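One letter stands for each residue in the lines below.
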Amino acid sequence: DYESILDGKPNEELFDAEKDWKKDKFDNFVMKASWKDQFEPGSQLYFCYGRLSNRTALLRYGMALEYNKYEHVHLKIPYIKHIRNCEWLVDKIKYFKLSRYLRFKLKRTKMDINLINFCKGLSFQLDYTNYENLIKPVNIDLEIQAVQKAYGFIQDFLSTFSRTPEENKELLKDPSIGYHEYFATVYKLERQRTLVFHSKALLVVEEILKRLKKGLTLEFAVMRVHDLETDDECNRNRIFISDYLDMLKDQQSISSQEFI
């Protein structure tokens, strides 16, 4: 069954900082330039780390950045839990040894519409739901339901962290923590901030959809949600969800033409 498939993964060994990390004296750090680069003696050099997520920055340079706009989080959802009534499909997944999870890349710069579409698919009924509803915001009730499910998935992920974002933020101020623990905390905190940011954006989208359901035009529906955002946050959030708003705009245009 689906539970045995999920539980079949090997146990991961716990990380032991004392055993796995040695005291770094930072006495063996070398940077090399290409033979094409010509520098005058005594000239000042600048090093560009590139557009890196904190995970990659940790692997390459041993550091993580707060408010890194290139940060992203992979949200893994065990989709097999939601197809428990389709034995033939579960058998195919086991036979072909397919992944037991769907992964959604949550960025700091835009909302992942695929996550909402997946959540709409969880409520899909072959004889009732038109397939276009899964990729276009046609059914407002289905959209609201999907946004609420997406919010729930992110909240479940947030609950797996051992510390809250506030606790991790306070830990960064502790002068007794070491180099490795400091950047490990930054890494965890930025992941949490990304998840919290997406959560709030989904709540804003939910309110916009509820306004549309009440009969408001999109022009008024996208106005600031006072309980959830400030004026500055409103501008930022509308850019963040702009792709989804464009889909709503296109759908309203089609509906208006059909009405005419």
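For the structure given in this document, a descriptive report is provided here. The shown structure was predicted, so the numbers you read here are calculated from the model rather than taken from an experiment.

### Description of the overall build of the chain
Then, in step 1: Within the chain, the secondary structure is distributed over 11 helices and 2 strands.
Then, in step 2: Each helix and strand of the chain, placed in order from N terminus to C terminus, yields the pattern α-α-α-β-α-β-α-α-α-α-α-α-α.
Then, in step 3: Long-range pairs, those at least 24 residues apart, make up 66% of the contacts in the chain between residues at least 6 apart in sequence.
Then, in step 4: Of the accessible surface of the chain, which amounts to about 18600 Å², a share of 52% is contributed by carbon and sulfur atoms.

### A short note on the side chain of Glu 190
Then, in step 1: Here Glu 190 lies in helix 8 (residues 179-213).
Then, in step 2: Among the polar contacts made by the side chain of Glu 190, one reaches the side chain of Arg 193 at a distance of 2.6 Å.
Then, in step 3: Once residues within four sequence positions are removed from consideration, Glu 190 is found in contact with Asn 54, Leu 65, Glu 66, Tyr 67, Asn 68, Glu 71 and Arg 108.

### Things to note about the nonpolar core
Then, in step 1: Membership of the largest hydrophobic core comes to 43 residues, with the highest contact counts inside it found for Leu 75, Leu 115 and Leu 209.
Then, in step 2: Mapped onto this core, the elements with two or more residues apiece are strand 1 (72-77), helix 4 (87-95), strand 2 (102-107), helix 5 (113-121), helix 6 (140-158), helix 8, helix 9 (218-221) and helix 11 (242-259).
Then, in step 3: With residues near it in sequence (within four places) discarded, Leu 115 still touches Leu 75, Ile 77, Phe 104, Leu 106, Ala 150 and Ile 154.
Then, in step 4: Among the nonpolar cores identified, the runner-up in size contains 7 residues, and Ala 64, Val 186, Tyr 187 and Leu 189 belong to it.

### Re unusual backbone geometry
Then, in step 1: At Tyr 67, a residue that is not glycine, the phi angle is positive and equals roughly 55°.
Then, in step 2: Summarising the element assignment, Tyr 67 is placed in the loop between helix 3 (54-61) and strand 1.
Then, in step 3: On the basis of relative accessibility, which here comes to 52%, the residue Tyr 67 falls in the exposed class.

### Points about the pattern of salt bridges
Pairing is possible between side chains of opposite charge, provided their charged atoms come close.
Then, in step 1: Tallying each qualifying case throughout the model produces 11 salt bridges.
Then, in step 2: Arg 108 is the partner of Glu 190 in a salt bridge, and the nearest nitrogen-oxygen pair spans 3.0 Å. Residue Glu 190 is located in helix 8, and its partner Arg 108 is located in the loop between strand 2 and helix 5; the two are separated by 82 residues in the primary sequence.
Then, in step 3: One salt bridge in this structure joins Arg 224 and Asp 231, with 3.1 Å as the shortest N-O distance.
Then, in step 4: With relative accessibility at 26%, the residue Arg 224 sits in the partly exposed group.
Then, in step 5: One continuous salt-bridge network, built from bridges that share partners, spans Glu 66, Arg 108, Glu 190 and Arg 193.

Criteria and thresholds
- Residues numbered from 1 in each chain as written.
- Predicted model: local features only at pLDDT ≥ 70, side-chain atom pairs only at ≥ 80, totals over all residues.
- Heavy atoms only, no water.
- Helix = DSSP H or I, 4+ residues; strand = E, 2+ residues; numbered from the N terminus.
- Contact = heavy atoms within 4.5 Å.
- Areas by Shrake-Rupley, 256 points an atom, 1.4 Å probe, with all protein chains shown as cover.
- Polar contact = N/O pair within 3.5 Å; in protein donor to acceptor, adjacent residues only side chain to side chain.
- Core = buried A, V, L, I, M, F, W, Y, C linked by side-chain atoms within 4.5 Å.
- Buried < 20%, exposed > 50% of the residue type's maximum accessible area, 1.4 Å probe, protein only.
- Salt bridge = Lys/Arg side-chain N within 4 Å of Asp/Glu carboxyl O.

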